[in-house]
Amino acid sequence: MIRKFTILFVVLWGLSLTSKADDGSRLWLKYDNAGHNVDIKLPNNSPTLRIAAAELQKGWQGEAVTLQLKKNKKLSQDGYTITKENNRIILSSPSEVGLLYATYHLLRAQYTGELPIAVVEEPIYSRRLLNHWDNLDGTIERGYAGKSLWQWDELPEKLSPRYEEYARANASLGINGVVLNNVNASPEILSTTYLKKVQRLADLFRPYGIQTYLSINFASPMAIGGLESADPQIAEVQKWWKDKAKEIYKMIPDFGGFLVKANSEGQPGPCDYNRTHAEGANMLADAVKPYKGVVMWRSFVYNPSDADRAKQAYLEFQPLDGEFRDNVIIQIKNGPVDFQPREPYTPLFGALPQTDEMVEFQVTQEYLGHANHLAYLAPMWKEFFDYVPPTSLDAIAGVANIGTDTNWTGHPFGQANWYAYGRLAWDPSLSSEQIAEEWLKQTFTTNKEFVVPVANMMLDSREAVVNYMMPLGLHHLFAWGHHYGPEPWCDIEGARPDWLPSYYHRATTEGIGFDRSSKGSNATAQYPDSLAAIYDDVATCPDELILWFHHVPWNHVLQSGRTVWDELCYRYNEGVSQARNMQQVWDKAQPYVDKDTFADVQSRLKQQTRDAMWWRDACLLYFQEYSKMPFPEGMERPIYELNDMKNFSIDIDNHTNAPNGYK
Ligand code: GCV
């Protein structure tokens, strides 16, 4: 009788595990099926090592583990080794945080089924940051997963349990720095009231190896300091920043430093006083230097001028090489325009030999379907690293896609982008495929019937978005403001030309594309000679970027063997087919995924496919007005009229709500 009861209990317990509802809140750190008492030896009982031990107790199913702090000339502070001796796993690192990283490595390996035999690991960059574009009122610029995690009204008294879960998730990937607030920064963040709130978060993040940074508003000395100017050459202004740095470091001794958006999109900066970006950055760098702080100065600038927007960061910053302090890092977006689905790399990379450089990726999908579209971004970031050697950079930043949504990222597959960003920030040589598989195995199941097709679906997804939104190097065909749907026709009276799609696509009855060759804006000349030659010649420029660099006739024959018009039609249709294919792959995933997550992804894929058709029809019908060419034989015909599409209204109340697509 007793035995029967036991068996039944085990069966029920087993069932309840597999059918357990999964709201996505546990991310890739589920530790399902775990739980036995682990024999763990720690070198001390510090907060960081207590976290490591708790993680092992929660999730580790293997043999005894020893964590040892050990200097190792071959390893940087965050590096670690994993070895096995006398039936014990030995995690060894010069630092406690390194031991925490080793712990997460061990757990990841267990859950992906790749148990390590001998591991030597260290991160490529010492600064691996997430940038939050979170405003102090709780909204997030370009955020699609709810509100800001930071409950400023409740801080510093009350700490949301999510802060620690967030820190833990970052530490599990090796992310070791967070910029808490939007680069369009409110000066208030530097007020003593807010610094006390920031201090509380920094204290919480510290044991997880995470340094806290802030975006600052260059005019803060005026806005909250009562000064009449923010000119970096004025002694009073310099003193204000030095005093502010002193105040911050007294409260947060390991404060990382400042992130600055200056003289960009209306933000104040040194150019307001006829000073250079170097003069502005250096003033701040001097203020944080005594405390080992850094200034991450963004190169995302484009003044209203005649110069091609894609050239402007280079034009402004390249001449300043050698003028920046050694604790200034120039933070450069991966592409020269603005996080488009496909851009060539920003030519400023490699053009500042005497200056530290870091890349800024966008994890949040501002231009890739917000939280509605499944777009796995590792292939896009790997493509950047194909051109810019990872070792040529000094740090890395990703604009976060995280908010208060229960599953953190809105789209359940948005978590994969947070995960992939963190893994690549640690080791850019990891393949997109490996990262996708790791994430799928930890998040859903290790079953190959699920992992292989779904990983392939993820790997195709970014190219699908490029195809149905902006193939062949087209860019910025987005609707005004929200950057979700297509509006290649968008024309707003009085708007800056470089905020309008026609500035980029340049469609006429003769042809399409932006001539950035030596016959046009000559942006190609900003690239190293060998690449410049390839991009400059219409015959050698890859099809993927042809309309980025060249204005070509509609009947120009591409490397694919098709005319530009036919290739555009082909690619837009291919994008729609790829979206449809994702739906089919996902339907087969049903047995492996929690019911609600399955339905959620399924419904988002429906929307993605509808949006893909919307993009295809809007763009092709619009460009057909110029090409005046028929749709190729055998190609699916549009199902909408251009005029109807121009009248679609998009239900986007504000940037914190996922949009509903067109109606
Ligand atoms: C934070 C783009 C985005 C803006 C963003 C800006 C930037 O223009 O649309 O929302 O502002 O880039 O990176 O500074």
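Placed above this text is the structure.
Structural notes, computed from the coordinates. (Residues numbered from 1 in each chain as written. Predicted model: local features only at pLDDT ≥ 70, side-chain atom pairs only at ≥ 80, totals over all residues. Heavy atoms only, no water.)

1. Remarks on a nonpolar patch on the surface
A cluster of nonpolar residues, Trp480, Ile492 and Trp499, forms a patch on the protein surface that exposes about 260 Å² of accessible area. Tracing the sequence through the fold places isoleucine 492 in the loop between α13 (448-469) and α14 (501-505). (Patch = residues over 30% accessible without salt bridge, like charges linked within 9 Å, V, L, I, M, F, W, Y side chains within 5 Å. Areas by Shrake-Rupley, 256 points an atom, 1.4 Å probe, with all protein chains shown as cover. Salt bridge = Lys/Arg side-chain N within 4 Å of Asp/Glu carboxyl O. Helix = DSSP H or I, 4+ residues; strand = E, 2+ residues; numbered from the N terminus.)

2. Regarding the pattern of salt bridges
One pass over the full model with this rule turns up 35 salt bridges. Notably, a salt bridge pairs lysine 333 with aspartate 338, separated by 2.7 Å at the nearest N-O pair. Residue aspartate 338 is classed as buried on the basis of its relative accessible area of 6%. Beyond isolated ion pairs, a larger network of salt bridges with shared partners links Arg342, Glu383, Arg462 and Glu463. (Buried < 20%, exposed > 50% of the residue type's maximum accessible area, 1.4 Å probe, protein only.)

3. Some thoughts on the nonpolar core
In this structure, Trp297, Phe413, Trp418, Trp586 and Phe623 are the most contacted members of the largest nonpolar core, which totals 211 residues. Broken down by element, the residue count for this core peaks at 13 residues, all from helix α18 (residues 595-627). (Core = buried A, V, L, I, M, F, W, Y, C linked by side-chain atoms within 4.5 Å.)

4. Some words on the pairing of strand β12 (residues 356-362)
Of all 7 residues that make up β12, 6 are buried, and the element is covered over most of its length. In the sheet, strand β11 (residues 328-333) pairs with β12 via 5 bridges, with the strands oriented parallel. Along β12, the bridge assignment pairs isoleucine 329 with aspartate 356. Note that β12 and strand β13 (residues 395-399) share 5 bridges and pair parallel. What sits directly across from valine 359, in β13, is isoleucine 396. Of the crossover connections in this fold, the one passing from β12 over helix α10 (residues 378-387) to the parallel β13 is right-handed. (Pairing = 2+ DSSP bridges. Right-handed = clockwise from strand over helix to strand, strands pointing away.)

5. Structural notes on the packing of aromatic side chains
All told, the structure shown has 54 aromatic pairs when counted by the stated rule. Taken together, a centroid distance of 5.9 Å and an interplanar angle of 45° make the contact between tryptophan 150 and tyrosine 163 tilted. With tryptophan 150 in the loop between β6 (128-131) and α4 (161-173) and tyrosine 163 in helix α4, this residue pair connects regions lying 13 residues apart in the sequence. A single burial state applies to tryptophan 150 and to tyrosine 163, both of which are buried. Centroid distance phenylalanine 413 to tryptophan 586: 5.4 Å. Interplanar angle 85°. Geometry classified as edge-to-face. Of the two residues, phenylalanine 413 sits in the loop between β13 and α11 (414-426) while tryptophan 586 sits in helix α17 (residues 564-588), which places them 173 residues apart along the sequence. Accessibility classification places phenylalanine 413 together with tryptophan 586 in one group, the buried group. Every member of this aromatic cluster is reached through a ring pair, and the members are Trp28, Trp150, Tyr163, Tyr166, Phe205, Trp408, Trp418 and Tyr419. (Phe/Tyr/Trp six-rings, centres within 6.5 Å; stacked < 30°, edge-to-face > 60°.)

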